[in-house]
Amino acid sequence: MGVIAAEPFPFPFEARSLALIVIDMQRDFIERGGFGESLGNDVARLQRIVPTTRRLIEGFRAHGLPIIHTMECHRPDLSDCPPAKRDRGAPRARIGDAGPMGRILIAGEPGAAIVPELAPAPGEIVIEKPGKGAFYATPLQETLQRLGARALVFAGVTTEVCVQTTMREANDRGYDCLLAEDATESYFAEFKAATLAMIRAQGAIVGWTATTSHILEGLLNG
């Protein structure tokens, strides 16, 4: 049994049942010209976590632990994208529209791909998801059961939307959940801070949070 220094108290884990889920580190959210910027956001905030996320991924690879990458994207005909999702807000370009990196958030388009620095290694699992949460309309639950995973470490974007949605459902499904504080980010600093506080409130009501350094130290000593 290993332990990771975390908040609100140490996170216990068994290495054989631990998996890393990296949420939506895609060009459309992180690079200039993508969907995130079309919504008026400063994508530089998300770009800053790429090196830390890479260090976390490399740490899991070094220990031979499973890594799951998710990508929020839709079918080319948008049959899995409700109009309420596509039409909400006032972006300069909407889901499915042409952008600098192909059609925005469409499976197979360059912009929907994971940023090159975090590209999945051969054999790593990649799950395409049409919703905010990674369990909705995906094989994630079956994948975790096949891996024997019972404890999950999370990274990715955005903290308060896709990451938190997935963590909350994972918690409901009985998984112990730990969020890497410096390998997740929001376009809004206050949203990230509030999400971290909500996750670990009331004795880890949703889960734990920890730095990447503490997570990697825990893996090394676990």
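Residues numbered from 1 in each chain as written. Predicted model: local features only at pLDDT ≥ 70, side-chain atom pairs only at ≥ 80, totals over all residues. Heavy atoms only, no water.

(A) Expanded view of the overall build of the chain. Assigned secondary structure in the chain consists of nine helices and 10 strands. Taken against the 2.2 N^0.38 rule, which gives 17 Å for 222 residues, the C-alpha radius of gyration of the chain at 17 Å falls within 12% of a compact globule. Within the span of the chain, comprising 222 residues, buried residues form 53% of the whole. Long-range pairs, those at least 24 residues apart, make up 72% of the contacts in the chain between residues at least 6 apart in sequence. About 9,600 Å² of surface is accessible on the chain, with carbon and sulfur atoms providing 53% of the total. Of the charged side chains in the chain, 23 are positive and 27 negative, and the gap between their average positions amounts to 1 Å. (Helix = DSSP H or I, 4+ residues; strand = E, 2+ residues; numbered from the N terminus. Rg over C-alpha atoms; globule rule 2.2 N^0.38 Å. Buried < 20%, exposed > 50% of the residue type's maximum accessible area, 1.4 Å probe, protein only. Contact = heavy atoms within 4.5 Å. Areas by Shrake-Rupley, 256 points an atom, 1.4 Å probe, with all protein chains shown as cover. Lys, Arg positive; Asp, Glu negative; His and termini not counted. Charge placed at Lys NZ, Arg CZ, Asp CG, Glu CD.)

(B) Representation of the packing of helix α4 (residues 50-62) against helix α9 (residues 212-221) in the model. Following both chains from N to C, one finds α4 and α9 inclined at 10 degrees, their axes separated by 10 Å at the closest point. Compared by their axis directions, α4 and α9 come out roughly parallel. Packed against α4, whose contacting residues are Thr52, Arg55, Leu56, Gly59 and Phe60, the element α9 presents Thr212, Ser213, Ile215, Leu216 and Leu219 at the interface. Along the lines of polarity and charge, the residues of the contact of α4 with α9 split into five nonpolar, four polar and one charged. (Axes fitted to C-alpha atoms, helices over the stretch in contact; angles between N-to-C directions. Parallel < 35°, antiparallel > 145°, perpendicular 65-115°, else oblique. Nonpolar A, V, L, I, M, F, W, Y, C, P; charged D, E, K, R; others polar.)

(C) Fine view of helix α7 (residues 159-172). Over its 14 residues, α7 extends 18 Å from the first C-alpha to the last, a length consistent with the 20 Å expected when each residue adds 1.5 Å. Largest kink in α7: about 25 degrees, centred on Thr165. Among the residues making up α7, those that are buried are Thr159, Glu160, Cys162, Val163, Gln164, Thr166, Met167 and Ala170. Just downstream of α7 lies Gly174, where phi reads positive at about 100 degrees. (Expected span 1.5 Å × (residues − 1). Bend = angle between axes of the 7 residues up to and from the residue.)

(D) The arrangement of the state of the cysteines in detail. Scanning the entire structure with this criterion turns up zero disulfides. With no disulfide of its own, Cys162 lies 11 Å from the sulfur of Cys73, the closest cysteine sulfur. Of all cysteine sulfurs in the structure, the one in Cys162 sits closest to Cys177, which takes part in no disulfide; the separation is 15 Å. (Disulfide = S-S within 2.5 Å.)

(E) Examining the packing of aromatic side chains more closely. This model, assessed by the stated rule, comprises three aromatic pairs. An angle of 85 degrees between the planes, with centres 5.4 Å apart, marks the rings of Phe9 and Trp208 as edge-to-face. Taken as a pair, Phe9 in the loop between β1 (2-4) and β2 (11-13) and Trp208 in strand β10 (residues 208-210) lie far apart in primary sequence, 199 residues in all. Looking at Phe9, the relative accessible area reads 38%, which means it is partly exposed. Both rings, one in Phe188 and one in Phe191, keep their centres 4.7 Å apart while their planes meet at 50 degrees; by these two values the pair is tilted. Connected via pairs of aromatic rings, a cluster forms that spans Phe9, Phe11 and Trp208. (Phe/Tyr/Trp six-rings, centres within 6.5 Å; stacked < 30°, edge-to-face > 60°.)

(F) The packing of α7 against helix α8 (residues 189-204), seen in detail. Two elements in contact, α7 and α8, have axes whose closest approach is 10 Å; the angle formed by their N-to-C orientations is 15 degrees. Judged on the interaxial angle alone, α8 and α7 are roughly parallel. The element α7 and its partner α8 pack so that their crossing is right-handed. Residue-level inspection shows Thr159, Glu160, Gln164, Met167 and Arg168 of α7 in contact with α8, the latter providing Phe191, Lys192, Thr195, Met198 and Ile199. Its residues assigned to classes, the contact of α7 with α8 comprises four nonpolar, three polar and three charged. (Left-handed = near helix turned anticlockwise from the far one by under 90°.)

(G) Examining the pairing of strand β8 (residues 151-157) more closely. Most of β8 sits inside the fold, with seven of its seven residues counted as buried. Taking every second residue as pointing to the same face, both faces of β8 are buried, with Ala151, Val153, Ala155 and Val157 on one and Leu152, Phe154 and Gly156 on the other. Taken together, the six bridges between β8 and strand β9 (residues 176-185) define a ladder with parallel strand orientation. The residue of β9 that forms the bridge with Val157 is Glu185. Viewed along the sheet, the connection from β8 through α7 into β9 turns out right-handed. (Pairing = 2+ DSSP bridges. Right-handed = clockwise from strand over helix to strand, strands pointing away.)

(H) Region of the structure containing unusual backbone geometry. Note that the residue after Glu7, namely Pro8, is joined by a cis bond; omega there is 10 degrees. Within the secondary structure, Pro8 sits in the loop between β1 and β2. In the segment running from Val157 into Thr158, the intervening peptide bond is cis, with an omega of -20 degrees. Tracing the backbone shows Thr158 in the loop between β8 and α7. For Leu78, which is not a glycine, the phi torsion comes out positive at approximately 60 degrees.

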